[in-house]
Structures are given as C-alpha cells and as structure tokens.
Amino acid sequence: MRRTLLRPALPRTSAHGPLGAVLVALVAVLALLGSTSAAQAATWDVPTRTDGPAANLDEFEDQLMVEINRVRRIHDRRRIGVYDTCADRMAELWGSHLAATGAFEHRDQTQVLRRCDVTWAGENLIRGTGLTPEVMVRAWLDSPGHRVILLNTKAKRAGVSVTQDAQGRLVGVLNVVRVG
C-alpha cells in the first residue's frame, strides 16, 4: 500500500536519531554562515530530458524537474530552466532535516527569501513510498495549494531535494524562487 503525505507552503543522506538531528542542524548553520550572496549565486541547467531509470537520488531529482517542466508546458507555463545554488542548498538542508527528525512541516519561506535574496519563494513537500517523479507531480497537481506553487508564473529557478528517511520513505522538497 502506498502512503503519501503532502504539504504546500507559500511565499541525501539521512541521519538517524537525536544525534543525527543535531548534526543536520550543525551542517545547516555552517552552510548558511559560509554562504555567498544570491547576487553571486551560481545556477546550472535543468536537463530537458533524462534517459532510463534513475541510478541515484541526484538523477531522480533531475527526472523530477523534467516532469515538472513537462507539466508546466502542458499548462502553458515557461519551463524552469535553471537550478539555483541557494534554493537547492535550502531544499537539501530541509530535506535532510525532515528525514533525520521525522518532522513533516514547512520551513518559514521568509528564510528562503532573506538568505537567497529572492523576491518570491514557494515550497512543496511530499513523503511516501512507491514515489516516482510522475507520482509526485500528479499528487502536487491534485492538491490546490501545491498546484498554485508548481504552476506559478513567478517560479524561475528551482532547488530540489529527494532523500530517504529511516523508515525507507522518500522525502521530497521542491523550492521554487524568483530573483529580482
């Protein structure tokens, strides 16, 4: 039986137990202290297609973005052409936090706005078993709050994290942002 939890919010490896949660928090703080400004943030291209099944979670993340862009095209939205270093780092840190702690809640998006120096940010979460990129995107489309974020015309850059928690569930975080 497949069980999926969804959480919309507007504006890789998992650690386990309390020590893991502390380590995730420490890594998050260190990463944020050493971060560069968004004005200098690097981007890299979102692939336009992927071939075959994902060999690892990084490939799964690329497949997820390809599926997101396929659906955006169907709904007459521009594709999200680039990953944003800051938005991706925020997604990765939050995904690791959720996987390590078992929590399933959104980060306050003002953190993303401030730390990434962006003018708009949205976040979609998903957790479950048997998830594929297609299943994840379909679940987001079927939820009004998620749909608004997924198809928002303000979404220009993305950050994605897909990780696994101690129960073997995938935890997905999609951060979409607009710079300027």
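Our subject in this report is the structure included herewith. Quick caveat, the model's predicted, so the values are computed rather than measured.

## Quick word on unusual backbone geometry
Part 1: Residues other than glycine seldom take positive phi values, yet Asp76 does so here, at roughly 55°.
Part 2: Position of Asp76 among the secondary structure elements: in the loop between helix 2 (57-74) and strand 3 (82-84).
Part 3: Judged by its relative accessible area of 72%, Asp76 is exposed.
Part 4: Although it is not a glycine, Asp117 sits at a positive phi angle of roughly 50°.
Part 5: As for its placement among the helices and strands, Asp117 is situated in the loop between helix 4 (109-116) and strand 4 (120-128).

## Structural notes on the environment of Leu150
Part 1: Considering the arrangement of structural elements, one finds Leu150 in helix 6 (residues 144-150).
Part 2: Along the backbone, Leu150 and Gly122 are 28 residues apart, and their C-alpha atoms lie at a distance of 8.5 Å.
Part 3: Discounting residues that sit within four places of it in the chain, Leu150 has contacts with Ile68, Arg72, Asn124, Val137, Trp140, Leu141 and Leu174.

## Observations concerning the nonpolar core
Part 1: One finds Leu64, Met65, Ile68, Met136, Trp140, Leu174 and Val176 to be the most contacted residues of the largest nonpolar core, which totals 26 residues.
Part 2: At the level of elements, helix 2, strand 4, helix 5 (133-141), helix 6, strand 5 (157-164) and strand 6 (170-178) are the ones that each hand at least two residues to this core.
Part 3: Discounting chain neighbours no more than four positions away, the residues touching Met65 are Val46, Ile80, Tyr83, Ala158, Val160 and Leu174.

## A few points about a positive patch on the surface
Part 1: On the surface, a cluster of positive charge is made up of Arg78, Lys154, Lys156 and Arg178.
Part 2: Among the structural elements, Arg78 can be located in the loop between helix 2 and strand 3.
Part 3: Take Arg78: its relative accessible area is 69%, and that puts it in the exposed class.

How each quantity is defined
Residues numbered from 1 in each chain as written. Predicted model: local features only at pLDDT ≥ 70, side-chain atom pairs only at ≥ 80, totals over all residues. Heavy atoms only, no water. Helix = DSSP H or I, 4+ residues; strand = E, 2+ residues; numbered from the N terminus. Buried < 20%, exposed > 50% of the residue type's maximum accessible area, 1.4 Å probe, protein only. Contact = heavy atoms within 4.5 Å. Core = buried A, V, L, I, M, F, W, Y, C linked by side-chain atoms within 4.5 Å. Patch = residues over 30% accessible without salt bridge, like charges linked within 9 Å, V, L, I, M, F, W, Y side chains within 5 Å. Areas by Shrake-Rupley, 256 points an atom, 1.4 Å probe, with all protein chains shown as cover. Salt bridge = Lys/Arg side-chain N within 4 Å of Asp/Glu carboxyl O. Lys, Arg positive; Asp, Glu negative; His and termini not counted. Charge placed at Lys NZ, Arg CZ, Asp CG, Glu CD.

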